[in-house]
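Below, each chain spelled out in residue letters.
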Amino acid sequence: MRHLPIPRTSLVALLALVMVTVLSAGPAGAAKTLNGSVGPGFTISLKSGGKKVTSLRPGSYRIKVRDRADIHNFHLRGPGVNRWITTVDFEGTKSVTLRLRKGTYRYQCDPHSSDMHGRFKVR
């Protein structure tokens, strides 16, 4: 079997294409961002790409919470996680990166948990 030589320019172009593809994909296992919000009224949410989070794949997530009222907090619980991302009296934005495993996660404002809560599944 005879091998045909690959022109050097084709090899360089192929290598460049591979490099662009790898670099544009970002680092392996890079955390995806979820956007949480609590307040100003009695509202709490967790979104990804502007849509309510209902189901996620296991993995690493950056959770960025905008807390717009000093009477609320953002508390996330689930398998291996029990995290107060913001606290009562805090107003502003905080971010954490967490590894989410399979199971059900719940988020809530602790002082108003009967009205301000949500949940999602990691599958």
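Scroll up to find the structure this text is about.
Every residue gets a number counted from 1 within its own chain, in the order that chain's sequence is written. With the structure being a predicted model, the display of local features is reserved for residues of pLDDT at least 70 and the display and counting of side-chain atom pairs for 80 or more, all residues being used for whole-chain, interface and lining totals. Side-chain measures were taken over the full set of non-hydrogen atoms in the model, leaving aside hydrogen atoms and water.

Within the chain one finds one helix and 10 strands. Listing the helices and strands of the chain from first to last along the sequence gives α-β-β-β-β-β-β-β-β-β-β. Within the chain, the fraction of its 123 residues that count as buried is 28%. In the chain, of all internal contacts separated by at least 6 residues, the share reaching a separation of at least 24 is 60%. Residue-level accessible areas treat just the shown protein chains as cover; the underlying method is Shrake-Rupley with a 1.4 Å probe. Just so you have it, the chain exposes about 8300 Å², and 56% of that area is on carbon and sulfur atoms. For the purposes of this entry, the term helix denotes a DSSP run of H or I that reaches at least four residues, the term strand denotes a run of E that reaches at least two, and both are numbered from the N terminus. Exposure classes here rest on a 1.4 Å probe applied to the protein chains alone. A residue is buried below 20% of its type maximum, exposed above 50%, and partly exposed in between. Contact criterion: two residues are considered in contact whenever any of their non-hydrogen atoms come within 4.5 Å of each other.

DSSP bridges decide pairing: two strands pair if at least two such bridges lie between them. Taking strand neighbours across the sheet as the criterion, the five strands line up as 3-2-1-5-8 in an open arrangement whose pairing is mixed. The sheet terminates laterally at strand 3 (51-52) and strand 8 (92-100), the two strands that pair on one side only.

Attention now goes to the sheet that holds strand 10 (residues 117-122). Sheet strands associate in pairs through backbone hydrogen bonding, adopting either a parallel or an antiparallel arrangement. Spatially, the five strands line up as an open sheet ordered 4-10-9-6-7, and their pairing is mixed. On the outer flanks of this sheet lie strand 4 (55-56) and strand 7 (81-86), each paired with one strand and no other. Note that strand 6 (residues 74-78) and strand 9 (residues 103-108) share three bridges and pair antiparallel. When the sheet's bridge partners are listed, R77 is paired in strand 9 with R106.

On to the nonpolar core, then. Formed by 22 residues in total, the largest nonpolar core has its most connected members in L46, L56, I63, F74, L76, L100 and F120. Elements represented by at least two residues in this core include exactly strand 1 (32-38), strand 2 (44-48), strand 5 (59-67), strand 6, strand 7, strand 8, strand 9 and strand 10. In this view, I63 contacts L34, L46, L76, I85, K94, S95, V96 and L98; residues no more than four positions away in its chain are not counted. We define the nonpolar core as a collection of buried residues of types Ala, Val, Leu, Ile, Met, Phe, Trp, Tyr and Cys that are connected through side-chain atoms lying within 4.5 Å of one another.

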